[in-house]
Amino acid sequence: MAFTRATGKHRRPSRTHRTTKRAAGVAALATTGVVGALAAPALAAETSVEQTGLTPVITIGDTLADKIDAQADAQKQAAEEAALKKAAAEAAREKAAAKAKQEREAKERAAREAERKRLNTFVAPISNSYVSTGYKASSSLWSSGSHTGIDFHAASGTTVHAVGSGTVVETGWGGSYGNQIVIKMNDGTYTQYGHLSSIGVSVGQKVTPGQQIGLSGATGNVTGPHLHFEARTTPEYGSDIDPLAYLRSHGVNV
């Protein structure tokens, strides 16, 4: 008997074609591990061997296929969510590292600025003192006939400070000045500290504002202990400028 074969776009796929496609899907899912505990019992219940005359194939029901698809989708979604969480965590770490770097750099800039300001400040050579003899005061006590600096009231042994940042260019005995120190300031001027009882720095040493450089005394040509302070344009005697105006121009309240 002859059978007429259905043709056209509405022809139903043969059972062999459908089961072969289903079996290929299962094989792919099994390879990736999707077919697991959920699929195994159902496969045992729903699969069967169909003889096609060519090669045995596995067929599974639509319900099991839906479950396998759902499991695969769930695993894919979980993987995507894990990737998103990892990316978010990495972004958070990078943001935190960048913020920490900015804060560290800001602190370093602030510290440098504070140090720069400190090194550029000036202080009085004697703390909590006052000027007992002014600049250019006349007296026979001075060989030039007038005072070339100012005297700060200070008992012997009082701490003497560098008024600003600079480099020590001279120390030791200075004739009528007694024990003295001369410092070249960072702005190119010079300061001198006389009649010291003790010298605490050496030539070539860098000093900073407020650093102790010696102790006041009564060495040299004096009538009593005090600090003689001069501001000069050179390290030599005779290049003096008004020390009171000099200190006040640098913000020292004396």
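Scroll up a little and you will see the structure.
Residues numbered from 1 in each chain as written. Predicted model: local features only at pLDDT ≥ 70, side-chain atom pairs only at ≥ 80, totals over all residues. Heavy atoms only, no water.

## Looking at the pairing of strand 7 (residues 179–185)
Cut-off, in case you're wondering: A simple rule labels every residue: compare its accessible area, found with a 1.4 Å probe on the protein chains alone, to the largest value its type can have, and call it buried under 20%, exposed over 50%, or partly exposed in between. Here a helix means four or more residues in a row that DSSP labels H or I, a strand means two or more in a row labelled E, and each is numbered from the N terminus. A pair of strands is treated as paired once DSSP finds two or more bridges between them.
Counting buried residues along strand 7, six of its seven residues qualify, which places the element largely inside the surrounding structure. Sheet topology note: the strand 6 (residues 166–173)/strand 7 ladder contains seven bridges and is antiparallel. Each residue of the ladder has a partner; that of G172, found in strand 7, is Q180. Joining the antiparallel neighbours strand 6 and strand 7 is a turn of five residues, in which G175 adopts a positive phi near 70°. Looking at chain direction, strand 7 and strand 8 (residues 190–199) are connected through five bridges and run antiparallel. Considered in strand 8, the bridge of V182 is made with Q192. Where strand 7 folds back on strand 8, the antiparallel hairpin that results is connected by four residues, among which G188 adopts a positive phi of roughly 95°.

## Some details on the side chain of Q180
Just so we agree on the cut-off: Every residue pair with non-hydrogen atoms within 4.5 Å of one another is taken to be in contact.
Take Q180: it is sitting in strand 7. With a relative accessible area of 5%, Q180 lands in the buried category. Beyond its immediate sequence surroundings of up to four residues, Q180 is in contact with E170, T171, G172, G174, Q192, Y193, G194, L196 and I199.

## Notes on the pattern of salt bridges
Here is the rule we go by: Only one rule defines a salt bridge in this text: a Lys or Arg side-chain nitrogen within 4 Å of an Asp or Glu carboxyl oxygen.
Overall, the coordinates contain five salt bridges when judged by the stated rule. Between R116 and E113 there is a salt bridge whose closest N-O contact spans 2.6 Å. A residue pair is termed a helical-turn pair when its members lie 3 or 4 positions apart in one helix, as R116 and E113 do in helix 3 (residues 62–119) at three residues. Looking at R116, the relative accessible area reads 44%, which means it is partly exposed. Owing to a relative accessible area of 32%, E113 belongs among the partly exposed residues under this scheme.

## A few points about the nonpolar core
Side chains of a nonpolar character, in soluble globular proteins, are inclined to be buried together. Basically, it comes down to this: Note on terminology: a nonpolar core comprises buried Ala, Val, Leu, Ile, Met, Phe, Trp, Tyr and Cys residues joined through side-chain atoms within 4.5 Å.
In this structure, I181, I183, Y193 and I213 are the most contacted members of the largest nonpolar core, which totals 24 residues. If we skip the residues at most four places from it in the chain, I183 touches A162, G166, T167, V168, V169, T189, Y190, T191, Y193, V207 and I213.

## Here we look at helix 3
The test is simple: Working rule for helices: expected span equals 1.5 Å times residues minus one.
Its 58 residues place the ends of helix 3 85 Å apart at the C-alpha level, agreeing with the 86 Å of an ideal helix rising 1.5 Å per residue. Inspection of helix 3 places L64, A65, I68 and Q71 among the buried residues, and these make up the whole buried set.

## Section: the pairing of strand 4 (residues 150–153)
The pairing of strand 3 (residues 131–133) with strand 4 spans two bridges and is antiparallel. Within the sheet, the bridge partner assigned to V131 lies in strand 4 and is F152. As judged from the four bridges shared by strand 4 and strand 11 (residues 226–232), these two strands associate in the antiparallel manner. Within strand 11, the residue paired with D151 across the bridge is H228.

## Quick look at the packing of aromatic side chains
Defined as follows: Centres within 6.5 Å make a pair out of two Phe, Tyr or Trp rings, where for Trp the six-membered ring is used; the pair is then stacked when the planes are under 30 degrees apart, edge-to-face when over 60, and tilted otherwise.
Per the counting criterion, the structure on display carries four aromatic pairs. Ring centres of F122 and Y246 lie 6.0 Å apart, and the angle between their planes is 80°; on these two criteria the pair is classed as edge-to-face. Remark: Y246 occurs in helix 4 (residues 243–249) and F122 occurs in the loop between helix 3 and strand 3; sequence separation between them is 124 residues. Its relative accessible area of 13% is what places F122 among the buried residues. For Y246, a relative accessible area of 5% gives the class buried.

## Observations regarding unusual backbone geometry
Glycine aside, residues mostly have negative phi angles, and peptide bonds mostly take the trans form. The backbone phi angle of N128 is positive, close to 55°, even though this residue is not glycine. Located in the positive-phi region is K136, a residue other than glycine, with phi close to 70°. Among the structural elements, K136 can be located in the loop between strand 3 and strand 4.

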